[in-house]
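Tertiary structure, described
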Amino acid sequence: FVDDGDVNWDGLRKTIECGVRFLDNVIDVTPYIFPENEERQKGERRIGLNTMGLAEMMIRLGITYGSPKSLEFIDTLYTFIRDVAFETSVRLASEKGAFPLYDDRFLMGGYATRLPDYLRKMILDHGIRNVNLLTQAPTGTIGTMMNTSTGIEPYFMFEYYRQTRLGTHLEVVPVAQEWMRAHPGEPLPEWFVTAMDLEPVEHIAVQARIQ
C-alpha cells in the first residue's frame with residue numbers, strides 16, 4: 001500500500017472493507033465441532049483483521065521505526081484501519097443485522113468509549129455486526145512467505161543465512177536488496193533499522209501506540 005512515497009489510502013480502505021466482509025462470511029461457512037462454540041461465535045460474530053509489513057512500509061516511506069515520527073505515522077495509520085473496519089461492520093449490521101448478543105451496553109465498553117463520536121452515533125443507530133474486529137498476530141510464517149516484515153515487528157536482520165533442505169544460503173530482505181541495487185556501494189540509509197538497532201523502549205513505544 002505504498003505508492004509514490006505515500007500510503008495508498010484508497011486501496012487500503014477497499015482492502016479493509018473486503019477483509020471485514022470476508023471474515024464475517026467465514027463465520028457462517030465454518031464447520032463447528034461443538035454446538036456451544038457455534039452458538040457463542042454466531043452470537044458474537046467475533047473476527048480479527050490483522051496486519052503485517054509495517055516495518056517494510058515505513059522503510060519505503062523513509063520513516064525510522066521507533067522514532068517520534070513513526071509513532072505519529074502509526075497513530076494515523078492504525079486509526080484509519082480501526083475506523084474503516086468499524087464503519088464496515090456497522091454497514092454490515094444495517095444490511096444483515098447486528099451480532100445477536102448486541103445491546104447498547106456495547107458502547108459502554110472501555111474500547112468503545114474511545115471511538116470517535118461519529119462512529120458511536122453510527123453504532124447507536126444501526127448496531128454493529130461484530131463484537132470484536134481487530135487483532136495483531138505475529139504472522140511469522142506468512143510474512144516470511146510473502147518476503148515482508150512480520151506483524152508489526154522490525155526486521156531482525158537485512159542479511160542472514162537460512163538453512164533449508166537444499167542447504168544453507170544467503171537471504172537478503174527484498175526492500176534492502178532493492179535499495180542496494182539502486183545505490184551500489186552506499187550504506188543503507190538511517191531509516192533501515194533492524195531489531196538489533198532499537199532500544200527496548202522503542203519496541204514498546206510502537207506496540208503501545210498500535211494497541
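Not measured: the values here are computed from a predicted model. (Residues numbered from 1 in each chain as written. Predicted model: local features only at pLDDT ≥ 70, side-chain atom pairs only at ≥ 80, totals over all residues. Heavy atoms only, no water.)

**Topic: the overall build of the protein chain**
A count of helices and strands for the protein chain gives 8 helices and 4 strands. When its helices and strands are written in sequence order, the protein chain yields β-β-α-α-α-α-α-α-β-β-α-α. Of the contacts formed within the protein chain by residues at least 6 apart in sequence, a portion of 69% connects residues at least 24 apart. Carbon and sulfur atoms make up 55% of the accessible area of the protein chain, which totals about 12,600 Å². Mean positive and mean negative side-chain charge positions of the protein chain (21 and 30 charges, respectively) differ by 7 Å. (Helix = DSSP H or I, 4+ residues; strand = E, 2+ residues; numbered from the N terminus. Contact = heavy atoms within 4.5 Å. Areas by Shrake-Rupley, 256 points an atom, 1.4 Å probe, with all protein chains shown as cover. Lys, Arg positive; Asp, Glu negative; His and termini not counted. Charge placed at Lys NZ, Arg CZ, Asp CG, Glu CD.)

**Observations regarding the side chain of Glu 87**
By the element assignment, Glu 87 lies in helix α4 (residues 68-96). Setting aside chain neighbours within four positions, we find Glu 87 in contact with Arg 13, Tyr 118, Leu 119 and Met 122.

**Regarding the nonpolar core**
One finds Ile 16, Leu 54, Phe 73, Phe 106, Ile 123 and Ile 128 to be the most contacted residues of the largest nonpolar core, which totals 49 residues. Listing elements by their share of this core, those giving two or more residues are α1 (9-29), α3 (54-60), α4, α5 (117-126), α7 (174-182) and α8 (200-210). For this core, the leading source of residues is α4, giving 12 residues. Each residue touching Phe 73, except ones within four places of it in the same chain, is listed here: Val 7, Leu 54, Met 57, Met 58, Leu 61 and Ile 63. (Core = buried A, V, L, I, M, F, W, Y, C linked by side-chain atoms within 4.5 Å. Buried < 20%, exposed > 50% of the residue type's maximum accessible area, 1.4 Å probe, protein only.)

**Looking at helix α2 (residues 35-44)**
Those residues of α2 that fall on the buried side of the exposure criterion are Gln 41, Gly 43 and Glu 44. End-on view of α2: buried residues confined to an arc of 165°, all on one side of the axis. With respect to the buried face of α2, the exposed residues turned more than 90 degrees away are Pro 35 and Glu 39. Where α2 is buried, its residues touch α1. Just downstream of α2, Arg 45 is the residue with a positive phi angle, here 55°. (Arc of directions from axis to C-beta.)

**A few points about the pattern of salt bridges**
Per the counting criterion, the structure on display carries 17 salt bridges. Linking Arg 60 and Glu 178 is a salt bridge whose minimum nitrogen-to-oxygen distance equals 3.0 Å. Within this pair, whereas Arg 60 is found in helix α3, its partner Glu 178 is found in helix α7, the two being separated by 118 residues in sequence. Judged by its relative accessible area of 34%, Arg 60 falls in the partly exposed class. Residue class for Glu 178 comes out partly exposed when judged on its relative accessible area of 42%. One network of salt bridges, in which partners are shared, links Arg 13, Glu 17, Glu 87 and Arg 91. (Salt bridge = Lys/Arg side-chain N within 4 Å of Asp/Glu carboxyl O.)

**Quick word on the packing of α4 against α8**
As a packed pair, α4 and α8 sit with axes 9 Å apart at the nearest point and diverge in direction by 25°. Between α4 and α8, the interaxial angle falls into the category roughly parallel. The way α4 lies across α8 gives a crossing that is right-handed. Here α4 contributes Leu 71, Glu 72, Ile 74, Asp 75 and Tyr 78 to the contact with α8, which in turn contributes Ala 205, Val 206, Arg 209 and Ile 210. When grouped by side-chain class, the residues that make up the contact of α4 with α8 number 6 nonpolar, no polar and 3 charged. (Axes fitted to C-alpha atoms, helices over the stretch in contact; angles between N-to-C directions. Parallel < 35°, antiparallel > 145°, perpendicular 65-115°, else oblique. Left-handed = near helix turned anticlockwise from the far one by under 90°. Nonpolar A, V, L, I, M, F, W, Y, C, P; charged D, E, K, R; others polar.)

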